[in-house]
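Secondary and tertiary structure notes
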Amino acid sequence: MKTSNPVLARLGQAAERERAAGYAQPGPYGQPGYPQQHPQQQYPQQQPYPGGYGQPVAPPTVTPMTIDDVVVKTVLMLAILGASAAAAWVLVPDSLVGVAWIGAAVVGLVLGLVISFSRMANPALVVAYSIIEGVFVGMVSKAFETLYDGIVLQAVAGTFGVFFLMAMIYKARIIRATPKFARIMVAVMAGLFGVMMINLVLALFGVNTHLRDGSPLAIGFSLVCIVVASLSFVLNFADIEEGVRMGLPQRYAWTAAFGIVVGLVWLYIEILLLLSYFQGDD
């Protein structure tokens, strides 16, 4: 079965090369692990060999990724992100909140793009992303909580509520990640990302596009982003299932967890913004 996710497809190809290389490892003293003079002969892949002198050796086994691996890595990433956010909230003085906010956003964006388009799973980069993104989330949360008491707890509850709702919807197969659905979602997310980047640049030059000022347009834009961020979990869940079927090595669970955490952070920020629009001026 082919996946509609180009990044996952590249990861699958890399995993296939790893497994193929695993069955071509030479034995001791230059002896081939599996004789090549009889290509039509089939050798059982699951049988261990002693690997002594002059004996063929078993190929190195690669532990495949499971759903549980992804769950564990996702929880670990969220724990790191939460600890980093709490530390930034406490340690960063109010005068530096804006600088830390912007700096973490830029570094997190760069790391996110590197991880997304990398052919190899890199746990160190994923953990670094969790730490940096935690600083970003902590600074944003501190700024909003200072203005609107209790808004952070509401946004956290809403974020995880939507996530678990989408998990149940996906499990019930109410929404399916068909190739057409995937293409539309990728196009819409790319478009929203482009609009947000343009809006950010214009805001730096003092131009107000009314996408983030609490106006009816801003409310509508946040609602669209919340819906798209929620639906992006359907793609995440489908990619994880496909990765398990493709037999991706266990370390790729970090990449799968990364995709979920990115969606959670995006959803949290959009819910936080939407709630702030209805807080009034008090």
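Structural data are supplied above this passage.
These notes cover the structure that comes with them. Only a predicted model underlies this, so the values are computations on that prediction, with no experimental measurement involved.

Look at helix α4 (residues 123-147): 36 Å from first C-alpha to last across 25 residues, which is about the 36 Å you get at 1.5 Å a residue. You can read the cap of α4 off the contacts: a side-chain oxygen lies 3.2 Å from the backbone nitrogen of Ala124, and it is on Asn122.

Core analysis: the biggest nonpolar cluster contains 59 residues, and Val70, Met77, Phe144, Phe233, Tyr268, Ile269 and Leu272 have the highest contact counts within it. Going through the elements one at a time, α2 (67-91), α3 (97-116), α4, α5 (151-171), α6 (179-204), α7 (216-246) and α8 (253-277) are the ones with two or more residues in this core. The element best represented in this core is α8, accounting for 18 residues. Beyond its immediate chain neighbours, meaning those up to four positions away, Phe144 contacts Trp101, Ile151, Leu272, Leu273 and Ser276.

Packed helices, taken two at a time, are described by the angle their axes make and the gap between the axes. At a minimum axis distance of 9 Å, the contact between α5 and α8 shows a crossing angle of 130°. On the basis of their axis angle, the class for α5 and α8 is oblique. Between α5 and α8 lies a crossing whose hand is right-handed. Contact residues: Ile151, Val152, Gln154, Ala155, Val156, Gly158, Thr159, Phe160, Val162 and Phe163 in α5; Ile260, Leu264, Leu267, Tyr268, Ile271, Leu272, Leu275 and Ser276 in α8. Along the lines of polarity and charge, the residues of the contact of α5 with α8 split into 14 nonpolar, four polar and no charged.

Here we take up the packing of aromatic side chains. All told, the structure shown has six aromatic pairs when counted by the stated rule. Relative to Phe233, the ring of Phe163 lies with its centre 5.0 Å away and its plane at 85°, an arrangement referred to as edge-to-face. You can see Phe163 sitting in helix α5 and its partner Phe233 sitting in helix α7, a full 70 residues away along the chain. For the residue pair Phe163 and Phe233, the accessibility class agrees, reading buried in each case. Three or more aromatic residues joined by ring pairs form one cluster here, namely Phe163, Phe164, Tyr170, Phe233 and Phe237. Here Arg173 stacks its cationic end above the ring of Tyr170, 4.6 Å away from the centre of that ring.

For the rest of this paragraph, the subject is a nonpolar patch on the surface. Together, Leu109, Leu113, Phe117, Phe193, Met197, Ile198, Leu200, Val201, Leu202, Leu204, Phe205 and Val207 make up a nonpolar patch on the protein surface, roughly 1,100 Å² of accessible area in all. Among the elements of the structure, α3 and α6 are those that each provide at least two residues to the nonpolar patch.

Applying the stated criterion across every chain yields a total of four salt bridges. Its salt-bridge partner being Glu270, residue Arg212 comes within 2.8 Å of it at the nearest N-O pair. Of the two residues, Arg212 is situated in the loop between α6 and α7 and Glu270 in helix α8; the sequence distance between them amounts to 58 residues. Given the relative accessible area of 27%, Arg212 is considered partly exposed. The partner of Glu242 in a salt bridge is Arg245, and the shortest N-O contact between them spans 2.8 Å. With a gap of three residues between them, Glu242 and Arg245 both fall in helix α7, about one helical turn apart.

Procedures and definitions
The numbering scheme is per chain: residues are counted from 1 as the chain's sequence reads. Per-residue local features are limited, in this predicted model, to residues with pLDDT of at least 70; the limit for side-chain atom pairs, both in listing and counting, is 80 or more; totals at the level of whole chains, interfaces and linings are taken over all residues. Note that the side-chain values use all heavy atoms of the structure and ignore hydrogens as well as water. Strands here mean DSSP runs of E at least two residues long; helices mean DSSP runs of H or I at least four residues long; both are numbered from the N terminus. By this rule the span expected of a helix is its residue count minus one, scaled by 1.5 Å. Counting of polar contacts relies on pairs of N or O atoms within 3.5 Å, with two restrictions inside protein: one atom must be capable of donating a hydrogen and the other of accepting it, and residues adjacent in sequence are counted only when both atoms are side-chain atoms. What we call a nonpolar core is a set of buried Ala, Val, Leu, Ile, Met, Phe, Trp, Tyr and Cys residues that are connected through their side-chain atoms within 4.5 Å. When accessible area is computed with a 1.4 Å probe and restricted to protein chains, residues below 20% of their type maximum are described as buried, those above 50% as exposed, and intermediate ones as partly exposed. Note on contacts: a residue pair qualifies if any of its non-hydrogen atoms lie within 4.5 Å across the two residues. Think of each axis as a best-fit line through the C-alpha atoms, taken over the contacting stretch in the case of a helix, with angles from 0 to 180 degrees between the N-to-C directions. Roughly parallel refers to an angle under 35 degrees, roughly antiparallel to one over 145, roughly perpendicular to one between 65 and 115, and oblique to any angle outside these ranges. By convention the crossing between two helices is left-handed if the near helix lies anticlockwise of the far one by an angle smaller than a right angle, and right-handed if it lies clockwise. Under this grouping Gly is polar, as are all residues other than the nonpolar Ala, Val, Leu, Ile, Met, Phe, Trp, Tyr, Cys and Pro and the charged Asp, Glu, Lys and Arg. By convention, a stacked pair of Phe, Tyr or Trp rings (six-membered ring in the case of Trp) has centres within 6.5 Å and planes under 30 degrees apart, an edge-to-face pair has planes over 60 apart, and any other such pair is tilted. Cation placement over rings: the criterion is NZ of Lys or CZ of Arg within 6 Å of the ring centroid and within 35° of the ring normal. Patches in this entry comprise residues that are over 30% relatively accessible and not in a salt bridge; like charges within 9 Å are linked, as are nonpolar side chains (Val, Leu, Ile, Met, Phe, Trp, Tyr) within 5 Å. Working definition of accessibility: Shrake-Rupley area with a 1.4 Å probe, residue cover restricted to the visible protein chains. When a carboxyl oxygen of Asp or Glu lies within 4 Å of a side-chain nitrogen of Lys or Arg, that pair is called a salt bridge.

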